[in-house]
Each structure stands twice: as structure tokens, then as C-alpha cells.
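Listed below are the residues making up each chain.
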Number of protein chains: 2
Amino acid sequence: MRVRLEDVARAANVSPKTVSRVLNDEANVTDATRERVRAAMEAMDYRPHPSARSLAGNRSFLVAMLYDNNDNPASTYLAEIQDGVLEACDAHRYSMMVRPLRMRGGDFIRRFDALISDHHPDGVVLTPPITDYAPLLKRLRESNVPYASVSPQRRGKVIGVTMDEQRAARAIVEHLLELGHRRIAHVIGIADHGASRWRLAGYREAMAAAGLPEDPALVVQGAFTFGSGVEAARKLFALAKRPTAVFAANDDMATGVMWAAGEYGLKVPHDLSVCGFDDTPLSRQLWPALTTIQQPSREMGKIAAEQLLGALRGHGAGQLVQVPFVLQIRGSTAAVP
Amino acid sequence: MRVRLEDVARAANVSPKTVSRVLNDEANVTDATRERVRAAMEAMDYRPHPSARSLAGNRSFLVAMLYDNNDNPASTYLAEIQDGVLEACDAHRYSMMVRPLRMRGGDFIRRFDALISDHHPDGVVLTPPITDYAPLLKRLRESNVPYASVSPQRRGKVIGVTMDEQRAARAIVEHLLELGHRRIAHVIGIADHGASRWRLAGYREAMAAAGLPEDPALVVQGAFTFGSGVEAARKLFALAKRPTAVFAANDDMATGVMWAAGEYGLKVPHDLSVCGFDDTPLSRQLWPALTTIQQPSREMGKIAAEQLLGALRGHGAGQLVQVPFVLQIRGSTAAVP
DNA sequence: GAGCAAATTGACAGCGCTGTCATTTATGCC
DNA sequence: GGCATAAATGACAGCGCTGTCAATTTGCTC
């Protein structure tokens, strides 16, 4: 039979309420009592019943991770974030659920409300691009559900984790400039995503700093997908003055650019340097391997969850933590011929 | 304030217990009453409190999806399975949690027990290679936790979903044979995984059927990773009589083979045909794109979860459903020169 | 329409915990 | 040492449901 809190109380010779206090790390228990109760719990291998705790205490010990499964970023990125969130939740004995939540389609808010009333999460972790969906943020505040964001566009009072994507983008374009490239193209991601904006801004910043005026023909719209990278590249290769290097806003599109280069008989990196952003496993498996920006996604998921959990447990308000990036230089970029 | 079952009962002019019966689709409620209660629930947008239900009814409405995060298959594969499981759980108003569970390391069973006593899932979905880990299966039976498996090795009384991987492997090797290849190599996956065994068996079956004796030098051990594919390919390319085609047991290894081909100056598919297994998104993004076997992973996750949920809700015992595969012929395979 | 079995409905306790508030014990101060 | 105050502990109700079993209604037979 299951060991209940009452059994532990009897064994430690205290009231159930005191055991509950120890369980929840509450104040007003002498060290001696606390130790005795802890020992009893340990000895009996006591496991609190989550539903009972949740029902009586009016909280669920549940964190929901929300993602968009329609404009969603690469699944490996999400899987890594998820892994990090899970790790943090486990450490704090919270459980985690994942919720795909299609942003397009009018009933987004209704489905969010259903999530809340069906599962009562104590808090929510938002992943891009959901981090910036205003109606959702509004609803979260209204319903008083704490949340943390991974790479949100707006800073301010938001808690969670970011990386300086603009500086990273600038760094990768500077790498191309150092290799002697001047006609450097950029393939933009989905227009309103923060990732797209920052990466474009970093590109512009580096180009401007190098004294190169922007050539609108070299900045092409993409959509973060492989296919959109292929199409963007075709436009670029059809130009009279073709670029010598392309910086795509993510690895999938960069892969598309490399594919299109194959189509046009362009050798990477000899005839064309290509770089991406994200350092997906894929980027190491291409031939040649892709120069890109490594983002510590798993770590970012973990940090976002930790900020959320810290806030939930009243350890201060939580912050927006910034993590470093790494420029991964591989075979897809080389000096201009 | 939250709408409770009691409120619905009052509105429908019945006892709380009757509302509970309607909620749980129990027998012995007249159609008229049932309809009246349903209408009241609808009108009040009633949402049962999961913890209360769980506490009183001694079940959790929770399904746990277990995966191995150390020998784990490609993350996109798992992400798709997860998506399917989630879809099925949602449809039946169950919640889902994901649990990475490292198979190596002695405390596997202890961590599994912790999962059960911490979260009380009503059932478990197993993904490969965890599906075949005997100590776990034993423990599941002992603790009487229902489970469904995705691609289990053992058949018998197991419920879940499979694909005829041997026949699929045979089909892809037959495709190579039809292109005129005779020296066809195979790169094996991690030895004791069902996937590796079936795919090897299919390869052998096709070769034997074509009257080709097995050349041990052409069958190389890999480990399902990109790197192991590269290494396996180097061994193959170093042979005096190099193969004209390679069938790798998954796409990651096939990608490694293509990479190694680049190293050796071999053109795919002109000098070497390569094919894989799984149809990961990656396989379409290579140049040339990879001939491979498409597995309906998402669908498989959904089916496994449905079998489990069906069994949980007493709709019969559940079955082992077999799903079809599709041979995706792409640019990486061509006629022998 | 009485008599009986079967179907339907309801009363009530209790799942395992925590919130509230009362009670007991320790601590500090003159 | 006596008193005021704070810290520690406990009693008890109740969170929102469902299981058990008793009460009531319905349908059937003769």
C-alpha cells in the first residue's frame, strides 16, 4: 500500500501539518524536527500524491511549454529547448507538459483558455515565435499565469532567456568581410519573427560598418524553410552581379542556398561562401559543413524554466538572462577568389 | 469563480453523482437525463478539475511517453512520434508527459519506479529502443501498468504499432538491384536494436533472392550516427573492390556515407548510389536528395497511443497495428555506370 | 393493478493533502 | 523569575470529485 503523509507523521511523531511544512520547505520548523521528518520520509520512501497536493494547495506543480506547430522553427531546436525545460522541471520536482498551439486560426485564445482550465499549469514557457504574440501575452497577464520566454522580442519586464542575435549576425557577416567578400547577400526569415529582425539588423550593421551601401537586390525574403532558401538563392544567382557570399537567417535556408548552388553549378565554398544560423545537427552533415552561429538551445530552455520556477517559488521576480553565442567556422566559407 | 460539478448538478436538477456518471460515460443514465446534463455542462463551460478526478477516482488521465536519450534515434523521429501521441491523448482528454530515460546506467529501474510513484500515469508509450528492454517490460507487468509500443521487436501480446521494416529494407535493396547494382554494401545500425536486425535481414533476403552470395566485407557495423556512417563508408571505399551502392540502415548514416563519398571524390549517384531509411527532413535537403524509406512516424505515435487509450478505457484489449511504408526514390540512386 | 426484478438516481463518506487559526513552547528583556 | 512576544506545532475543515450502497422509479408479468 501507498505510504501517505499521515504515515510519515506517525513515524516521526509529529502532526501531518508539520510533515506538510517540511515537504514544502516552509518556515517555522526547528531544524531538529525537520531532520526527523526528513529521515522518516527517506526511510519510508515517501512520495507525495501530486493530485492531492494540487487539489488541496490549489496549484499543480505543472509547467506547460507552448510552441507554434505551424510556423514552427526546426524540430531539433524545439526538442533541445524541451530537453532543457524538462531538466529544470525535474530538478524542482515539477512536471512538464508540451502544448502545440497553432497561432494562425482564430480560436488561438480559446484553445489557450482550454489549456489553462483543463490542466491548470502553474506557469508557462513560451518559445519563439509565440513569445511575441500580443493577444496571448495579454491573456496571460489577465489570467495571471506566470510565464517565461525564450528569445522574446520585447524586453522590459519579461523574464526568460535571450541571446544577442544581432551581435551574432554581425559577427558572422564580419567573418565574411574578413575573407574579402563585398557582395554579401542576406536571406531574411519570416518577416515578423524577432529572429529575422535581429539577424537582418546585424547584417546591416556589419555592412554599414564596413562602409558598404546596402544593395536591395542582395536582400531577399525567405521563410525559414529549406524550400524558401532554394527560391531565394535562385533569385540571387539570376542577378547580373551575383553575390560571392550568402548569409541565410537560419541553417535550413542556408542548406537550400547550397542546394541551389549545386543546381547552378556553383562550388561551395570556391565559387560561393554560404553561412547560416542555429547550428542544427544538419549543418555539420552537409558537404561542406556549414559556417553558422551556435545557440545553446538546451541551456536556454533550462534557464527559461529556472527563471519561471524561481519566480513561482517566490525566490525573487526572475530575470531575462543573456547567454553567449559561438561563431562556428566550417568549410562552407572561404576567401573570395 | 470556477464552475464545479455541483453547480452543473444544480443547474440540471440532478445529483452530483449523476453528473459524474455522464462525465465518465457510465451506464444507467436515461438519455433524457444525459442530454439535460450535457446541455448544462455545455452552457456553463464546465471543466472537471483533473486533480480532483484523479484523487477521487484513483487514476490520473495521464500517459507518459518514454524514450531513451542516450542511444536515442534522431530527434525529428521522436518529435514526430510525440506529436502523434499528443494528438491522440488530446482527443481522449488525457494529458501526456514525456520522459527521457537513459537505459545505460544501473538505476534505470529505480528511475522508472520514481516516474510511476511521482506521476501515476495510467499508461505508458514506449519508443525504440526502450520497447525491447526486458527489465523494463518485466517491471511494467509487475506493477501492472498498461503500455503500448512503437516498433517492438517481440510480437506476441504486445499492443502498439509496427511497420514491416524487413520488407521495406528488402524493397529498397531490390530497387538497387533493378538499377543493375550487384556490389551492394550495407551499414548496420546499433547491433541489438530491432531496426538494425530487420533492416539487415531485409538486405540479406533481397541479396539472396537475387542469387548474390553475401560478401562479409560489404556489411559494416555502424551506430545510427552521422559519424559512424562516415567511418563505415571509409572502410568500404578502401576496399579493393569498392561497392557501387550502399544501403545504410538510417538516413543519418547515409548522410555520413555521402559525406565520405565527397572526401573520396566519388560523385553521388554517378559513381555511387546511396540510400537510407526513415525519410528524415534532412534526406530531402541533401544534394542529391536521398532515396529512402518513409515511415509514417507521426501516425505511428498516434496509433500506439490510441491502442493504449482504448485498452485503458476498456474498449477491448488493443492490438498491434501494422502501418505501410513508402519507398521514396530520389536523386541519390542511379543505374550502375 | 399488485408484485417483482431491473434500471435509475441519490446520500454520504472519503481520496491525501494544505489553509486557517488556535494552542503550546521557546526566547528576550528588565 | 515573571512577563510580553515570537516561534513552533497541531486540530480541523475542506479542495472537487467518485465509490459504495441505499432509495426510488420504471417496466414487466399475470
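Please refer to the structure higher up on the page.
Each value, and the rule that gives it
Residues numbered from 1 in each chain as written. Chains lettered and ligands numbered in written order. Predicted model: local features only at pLDDT ≥ 70, side-chain atom pairs only at ≥ 80, totals over all residues. Heavy atoms only, no water. Helix = DSSP H or I, 4+ residues; strand = E, 2+ residues; numbered from the N terminus. Buried < 20%, exposed > 50% of the residue type's maximum accessible area, 1.4 Å probe, protein only. Areas by Shrake-Rupley, 256 points an atom, 1.4 Å probe, with all protein chains shown as cover. Lys, Arg positive; Asp, Glu negative; His and termini not counted. Charge placed at Lys NZ, Arg CZ, Asp CG, Glu CD. Near = heavy atom within 4 Å. Polar contact = N/O pair within 3.5 Å; in protein donor to acceptor, adjacent residues only side chain to side chain. Nonpolar A, V, L, I, M, F, W, Y, C, P; charged D, E, K, R; others polar. Contact = heavy atoms within 4.5 Å. Buried area = accessible area lost by both parts, 1.4 Å probe. Salt bridge = Lys/Arg side-chain N within 4 Å of Asp/Glu carboxyl O. Pairing = 2+ DSSP bridges. Axes fitted to C-alpha atoms, helices over the stretch in contact; angles between N-to-C directions. Least-squares fit on C-alpha atoms with pLDDT ≥ 70 in both.

### Let's talk about the overall build of chain A
Across its full length, chain A holds 13 helices and 12 strands. Projecting the C-alpha coordinates of chain A onto the three principal axes gives extents of approximately 85 × 40 × 35 Å. Counting only residues that meet the buried cut, chain A has 54% of its 337 residues in that class. As displayed, chain A has an accessible area near 14400 Å², and 51% of this comes from carbon and sulfur atoms. Side chains of chain A give 40 positive and 37 negative charges; the mean places of these two sets differ by 3 Å.

### Brief notes about the protein's contact with DNA strand C
Neighbouring residues of DNA strand C: 25 residues in total, closest Leu-5, Ser-20 and Tyr-46 of chain A together with Arg-21 and Thr-33 of chain B. Sugar and phosphate atoms form 68% of the subset of DNA strand C atoms that lie within 4 Å of the protein. Contact distances for DNA strand C include 2.9 Å between a base nitrogen and a side-chain N or O atom of Lys-17 of chain A. Backbone polar atom of His-49 of chain A to a phosphate oxygen of DNA strand C: 3.3 Å apart, as the coordinates give it. At four residues, helix α4 (residues 50-57) of chain A tops the list of elements feeding residues into the surface near DNA strand C. Of the residues that constitute the surface near DNA strand C, the class distribution is 10 nonpolar, nine polar and six charged.

### Concerning the interface of chain A and chain B
Counting residues at the interface gives 40 residues for chain A and 40 residues for chain B. Where chain A abuts chain B, roughly 3500 Å² becomes buried across the two surfaces, and 57% of that area is made up of carbon and sulfur atoms. When the buried area of chain A at its contact with chain B is split by residue, Trp-259, Gln-285 and Trp-287 of chain A rank highest and sum to 18% of it. On the surface where chain A and chain B come into contact, there are six salt bridges.

### A few points about the pairing of strand β6 (residues 184-188) of chain A
Residues and elements named next belong to chain A. Where burial is concerned, most of β6 is hidden: five out of the five residues are buried. Both faces of β6 are covered, namely the face carrying Ile-184, His-186 and Ile-188 and the face carrying Ala-185 and Val-187. For β6 and strand β8 (residues 245-248), the ladder comprises four bridges, and the chain directions are parallel. Looking at β8, one finds that Val-187 is bridged to Ala-248. Judged from the three bridges that link them, β6 and strand β7 (residues 219-221) form a sheet pairing that is parallel.

### Looking at the protein's contact with DNA strand D
Near DNA strand D you find 24 residues, and of these Arg-21 and Thr-33 of chain A together with Ser-20, Asn-24 and Tyr-46 of chain B are the closest. Ser-20 of chain B is positioned such that a nitrogen or oxygen atom in its side chain is 2.5 Å from a phosphate oxygen of DNA strand D. Within the contact set of DNA strand D, a phosphate oxygen lies 2.7 Å away from a side-chain nitrogen or oxygen of Tyr-46 of chain B. Broken down by secondary-structure element, the contributors of at least two residues to the surface near DNA strand D are α2 (16-23) and α4 of chain A together with α2 (16-23) and α4 (50-57) of chain B. Broken down by element, the residue count for the surface near DNA strand D peaks at four residues, all from α4 of chain B. Per-class residue counts for the surface near DNA strand D are nine nonpolar, nine polar and six charged.

### Considerations on the sheet that holds strand β8 (residues 245-248) of chain B
Residue and element names in this part refer to chain B. Read from one edge of the open sheet, four strands run β7-β6-β8-β9, paired in parallel fashion. Where the open sheet ends on each side, the last strands, each with one partner, are β7 (219-221) and β9 (273-275). On average, each strand axis in the sheet is inclined to that of its neighbour by 15 degrees, with strand direction left out of account. Running at roughly 170 degrees to β8, helix α8 (residues 165-178) makes contact with β6 (184-188), β8 and β9 of the sheet.

### Points about the environment of Leu-239 of chain A
All names here are of chain A. Within the secondary structure, Leu-239 is located in the loop between α10 (226-237) and β8. Expressed as a C-alpha distance, the spacing of Leu-239 and Arg-330, which sit 91 residues apart in the sequence, is 27 Å. Excluding its chain neighbours within four sequence positions, the residues that come into contact with Leu-239 are Ala-217 and Leu-218.

### Things to note about the relation of the copies chain A and chain B
Each copy of the sequence occupies a distinct position, and chain A is placed on chain B by a rotation of 180 degrees and an axial shift of 0.1 Å, giving an RMSD of 0.1 Å. The two molecules are tied by a two-fold rotation axis, judged by turn and shift. Rotation axis and chain A: the residue whose C-alpha lies nearest the axis is Ser-51 of chain A, separated from it by 2.2 Å. Mapped onto chain B, 100% of the interface residues of chain A again fall at the interface, so both copies present the same surface.

### Some points on the pattern of salt bridges
Charged atoms that come close allow side chains of opposite charge to pair. Per the counting criterion, the structure on display carries 54 salt bridges over all chains. The closest approach of N and O atoms between Asp-107 of chain A and Arg-111 of chain A, which form a salt bridge, is 3.1 Å. A relative accessible area of 23% means that Arg-111 of chain A is categorised as partly exposed. Arg-38 of chain B is paired through a salt bridge with Asp-25 of chain B; the nearest N and O atoms lie 3.4 Å apart. Taken together, the residues span a long stretch of sequence, with Arg-38 of chain B in helix α3 (residues 31-44) and Asp-25 of chain B in the loop between α2 and α3 at a distance of 13 residues. Taking relative accessible area as the criterion, Arg-38 of chain B reaches 36% and is therefore assigned partly exposed. Through salt bridges with shared partners, one network takes in Arg-4, Glu-6, Asp-7 and Arg-10 of chain A.

### Regarding the pairing of strand β2 (residues 95-100) of chain A
The side chains of a regular strand alternate between both faces of the sheet. Residue and element names in this part refer to chain A. Counting buried residues along β2, six of its six residues qualify, which places the element largely inside the surrounding structure. By the alternation rule, side chains of β2 split into Ser-95, Met-97 and Arg-99 and Met-96, Val-98 and Pro-100, which are all buried. Bridge count between strand β1 (residues 62-67) and β2: six bridges; the pairing is parallel. Bridge pairing in β2 links Val-63 to Met-96.

Any functional reading would require information beyond the geometric quantities listed.
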